[in-house]
Amino acid sequence: MSQPPRIENDAFGPVEIPAGRYWGAQTQRALAVFDVGEEHFPAGLIHAFGLQKIAAARANRRLGVLDLALADAIEAAASEVLAGRFDDHFPLRIWQTGSGTQTNMNANEVIANRANELLGQPLGTKAPVHPNDHVNRSQSSNDSFPTVMHIATAQELRARLLPALAELHGQLAMKAAAFADVLKIGRTHLMDAVPMTMGQAFDAFARQIANGMARIEGTLPRLCILPQGGTAVGTGLNAPVGFDAAFCEEASALAGVTFSPNPSKFEGMAAHDALVEASGALNVVAVSLMKIANDIRLLGSGPRCGLGELIIPNDGLTSSIMPGKRNPTIGEVVVQAAFQVMGNHATVSAAGASGNFELNVAKPVLIYNVLQSIRILADSAHIFASRLIADLDVDRARLAENVANALLVVTALNPVIGYDKVAQITTKALDAGLTPREAAIALGHLTGEDYDRLVNPALMTRPQAD
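Residues numbered from 1 in each chain as written. Predicted model: local features only at pLDDT ≥ 70, side-chain atom pairs only at ≥ 80, totals over all residues. Heavy atoms only, no water.

Asks: Help me get a handle on unusual backbone geometry, residues and values and all.
Replies: Each neighbour pair has its own omega, and for Ala-127 with Pro-128 the value is 5°, a cis peptide bond. Gly-302 connects to Pro-303 through a cis peptide bond whose omega is 10°. Inspection of the secondary structure puts Pro-303 in the loop between α10 (273-299) and β7 (310-311). Positive phi outside glycine occurs at Lys-126, with the angle close to 60°. By secondary structure assignment, the location of Lys-126 is in the loop between α4 (101-118) and α5 (131-135). Assessed through its relative accessible area of 26%, Lys-126 is described here as partly exposed. (Helix = DSSP H or I, 4+ residues; strand = E, 2+ residues; numbered from the N terminus. Buried < 20%, exposed > 50% of the residue type's maximum accessible area, 1.4 Å probe, protein only.)

Right, dumping it as structure tokens:
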């Protein structure tokens with residue numbers, strides 16, 4: 001038999017809470033009020049709230065504004081939130097008050113109920129630990145939620161995205177080395193150009209990812225500046241002197257990341273430029289991934305009627321109607337993830353611009369999109385590296401044939417016979433269906449021996465000394 005709901009009271013009266021649920025009256029009311037969509041915050045944000053409440057309890061205890069026994073119980077309960085034990089007790093969707101107040105209250109209520117349970121009290125008592133008076137001591141949603149936004153973003157970038165990008169960079173760099181001597185014809189404007197190596201193409205890809213990692217790392221110093229201690233509008237009302245510094249010391253110890261107090265809590269609560277900047281770096285990574293994935297998809301098109309220069313590994317999937325058809329599915333996933341991140345950045349930009357006076361009021365949608373971008377970029381970079389790039393190969397026969405038939409290798413003759421005569425060679429070769437060598441000889445511009453001496457595709461892939 002199911003247990004009956006328990007009754008909790010808040011300033012507006014009694015509320016029924018489902019049995020066994022650790023949230024309280026404010027969360028239950030918010031569930032009914034904000035009945036919009038299905039999007040929930042990722043677990044990383046909830047766990048960051050656990051870390052934030054531990055750090056706040058420790059700072060309050062250090063500063064003598066929270067009873068030691070209550071602080072210990074709050075820390076124990078918040079540690080379980082940090083560890084993921086109470087993920088199912090955060091039911092609210094992201095569509096809520098723009099300050100994130102309801103999710104902050106959700107955290108306060110879950111931690112208070114669990115702390116009281118640890119102290120031998122039933123759920124819903126609010127004693128001896130009260131969600132507002134004790135778990136939220138020296139805090140406001142207005143400074144706690146943006147602090148959690150920064151903590152979660154910094155942690156996800158460091159622990160999830162940067163390692164995935166490092167993996168992808170490593171695979172691309174290995175392919176650059178493996179293909180260093182494989183000649184191919186470069187393409188500009190989608191048309192044949194002059195020779196290069198496949199290794200040079202992959203070195204460019206690897207450099208894009210390395211630059212993306214540097215851009216992300218460049219955002220971390222500003223993400224690690226926290227507004228905690230500003231309370232309602234940035235003045236620090238109801239927080240003891242030194243709370244911001246003590247909080248950052250405790251949060252740093254918990255996260256393994258060095259956090260520092262924002263010297264202007266007003267800026268940290270009213271504007272989220274650091275998060276918009278981080279989203280911008282994610283947007284650049286998405287652009288890079290899309291470029292790389294599309295190049296690889298096109299270079300691997302075929303197997304017989306496309307470019308066919310790359311051999312894309314088989315993923316075991318096929319067509320519903322064409323037996324044995326193989327598609328570049330991983331590349332398509334990467335491109336779609338890039339689309340989403342680019343759209344997310346537009347949302348983050350609009351949300352970041354939605355500060356009114358002393359408070360940004362689009363925090364939930366902003367952080368939801370930032371964290372989603374981090375997650376899908378990390379996951380797609382990982383599968384791109386491990387399931388496509390790692391086993392990617394080149395079709396050496398196709399590449400050699402392309403180089404042999406390429407018209408614009410004769411660009412190397414410009415310094416010898418001049419631009420106009422070289423243009424005559426390419427035009428005749430194309431119109432008559434000749435190789436450039438045959439056209440040069442037919443026009444009388446060069447002997448076969450001179451052509452072979454002067455036109456060396458391998459030498460054309462790097463600058464030559466005079």
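What follows continues from the structure just given.
Asks: Outline the pattern of salt bridges, supporting the account with residue identities and numerical values.
Replies: For the structure shown, the criterion picks out 22 salt bridges. As a salt-bridge pair, Glu-75 and Arg-58 come within 2.8 Å of each other at their nearest N and O atoms. Pair noted here: Glu-75 is in helix α3 (residues 68-82) and Arg-58 is in helix α2 (residues 43-62), with a separation of 17 residues, a long-range link. The partner of Glu-75 in a salt bridge is Arg-61, and the shortest N-O contact between them spans 2.9 Å. Remark: Arg-61 occurs in helix α2 and Glu-75 occurs in helix α3; sequence separation between them is 14 residues. (Salt bridge = Lys/Arg side-chain N within 4 Å of Asp/Glu carboxyl O.)

Asks: Tell me about the nonpolar core, and please be specific about residues and values.
Replies: Formed by 110 residues in total, the largest nonpolar core has its most connected members in Phe-202, Ile-296 and Phe-384. In terms of residue count, helix α6 (residues 141-178) provides more of this core than any other element does, 14 residues in total. Setting aside anything within four residues of it in sequence, one finds Phe-384 in contact with Leu-168, Leu-289, Ile-292, Ala-293, Ile-296, Ile-330, Val-334 and Ile-389. (Core = buried A, V, L, I, M, F, W, Y, C linked by side-chain atoms within 4.5 Å. Contact = heavy atoms within 4.5 Å.)

Asks: Would you mind going over the pairing of strand β2 (residues 13-17) in detail, with residue names and values included?
Replies: Here strand β1 (residues 6-10) pairs with β2 via 5 bridges, running antiparallel. Across the sheet, residue Asp-10 finds its bridge partner in β2, namely Gly-13. Where β1 folds back onto β2 in an antiparallel hairpin, the turn is made up of 2 residues. (Pairing = 2+ DSSP bridges.)

Asks: Break down helix α8 (residues 243-255) for me, with residues and values.
Replies: With 13 residues, α8 should reach 18 Å at 1.5 Å per residue; the first-to-last C-alpha distance of 18 Å fits that figure. Those residues of α8 that are buried lie in contact with α2, α6, β5 (225-226) and β6 (260-261). Note on α8: the residue one or two positions beyond its end, Gly-256, has a positive phi of about 70°. (Expected span 1.5 Å × (residues − 1).)

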